Amino acid sequence: GQNIDQPTEMTATEGAIVQINCTYQTSGFNGLFWYQQHAGEAPTFLSYNVLDGLEEKGRFSSFLSRSKGYSYLLLKELQMKDSASYLCAVRDSKAAGNKLTFGGGTRVLVKP
Amino acid sequence: GAVVSQHPSWVICKSGTSVKIECRSLDFQATTMFWYRQFPKQSLMLMATSNEGSKATYEQGVEKDKFLINHASLTLSTLTVTSAHPEDSSFYICSASTRASYEQYFGPGTRLTVT
């Protein structure tokens, strides 16, 4: 089975940086995803890590350490529109068809 | 590319009736489709994995006779909530993937309200 933990809520100020941590335990690891989800909408893809290290995409970066079962999503130069839930999801190499298991999600509130 | 649609986007039904939700991959062939359920302020919970032409694989605790899944073609999967009850009210989201891609492409979701 899989166990994925991330903080429930975080608050940050517009223009600041926020780091959302995700720890996981899995029987077979085959990639970690970060998604952004605004209320009432479907998740949108942010990043994918399968090897250790940092992946940078504009204001968003994601880091992975497979030995530690740890990832973080870094949001820089926060904007009001970044207020959303951020979902960490792990793909199980032992499950067929790219099955993902999602963490509980982290609600980020950006304040002026 | 990689667009997934769902229909309807929202539906209200009476308790005891059945509701069908469609999930379509518009510009690619999806070898696998997934159905998720999301309650307010909670994360996505996988209900079942559906491969074209074969029976769906349901997650533990999900009643296969209540949530009927059909994946008749590489571009269409349907979820039918049978004999719906108010506790089935939720946001249902499908996603689709191909063998060639690591990513799942999500549909826009269907808001089901059972009165």
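That block above? That's the structure.
Residues numbered from 1 in each chain as written. Chains lettered and ligands numbered in written order. Predicted model: local features only at pLDDT ≥ 70, side-chain atom pairs only at ≥ 80, totals over all residues. Heavy atoms only, no water.

A. The arrangement of the pattern of salt bridges in detail. The final tally for this structure, using the stated rule, is seven salt bridges over all chains. Of the charged contacts, one joins Arg107 of chain A and Glu9 of chain A as a salt bridge, the two residues approaching to 3.0 Å between their closest N and O atoms. Remark: Glu9 of chain A occurs in strand β2 (residues 9-13) and Arg107 of chain A occurs in strand β11 (residues 106-111); sequence separation between them is 98 residues. Look at Arg107 of chain A and you get partly exposed, because its relative accessible area is 28%. Glu9 of chain A gets classed as exposed once you look at its relative accessible area, which sits at 53%. The partner of Arg24 of chain B in a salt bridge is Glu22 of chain B, with the nearest N and O atoms 3.4 Å apart. The exposure class assigned to Arg24 of chain B is partly exposed, which follows from its relative accessible area of 33%. (Salt bridge = Lys/Arg side-chain N within 4 Å of Asp/Glu carboxyl O. Helix = DSSP H or I, 4+ residues; strand = E, 2+ residues; numbered from the N terminus. Buried < 20%, exposed > 50% of the residue type's maximum accessible area, 1.4 Å probe, protein only.)

B. A look at the interface of chain A and chain B. Each partner contributes residues to the interface: chain A has 20 residues there, and chain B has 22 residues. Summed over both sides, the interface between chain A and chain B buries roughly 1600 Å², with carbon and sulfur atoms accounting for 56% of that surface. The largest share of the area that chain A buries against chain B comes from Asn98, Lys99 and Phe102 of chain A, three residues that together contribute 26% of it. The tally of links between chain A and chain B comes to one salt bridge. For Lys99 of chain A, the salt bridge goes to Glu59 of chain B, with nearest N and O atoms at 3.1 Å. For the side of chain A that touches chain B, the secondary-structure elements that each account for two or more residues are β4 (29-37), β5 (44-49), β9 (84-92) and β10 (100-102) of chain A. Tallied by class, residues from the side of chain A that touches chain B come to nine nonpolar, seven polar and four charged. (Contact = heavy atoms within 4.5 Å. Buried area = accessible area lost by both parts, 1.4 Å probe. Nonpolar A, V, L, I, M, F, W, Y, C, P; charged D, E, K, R; others polar.)

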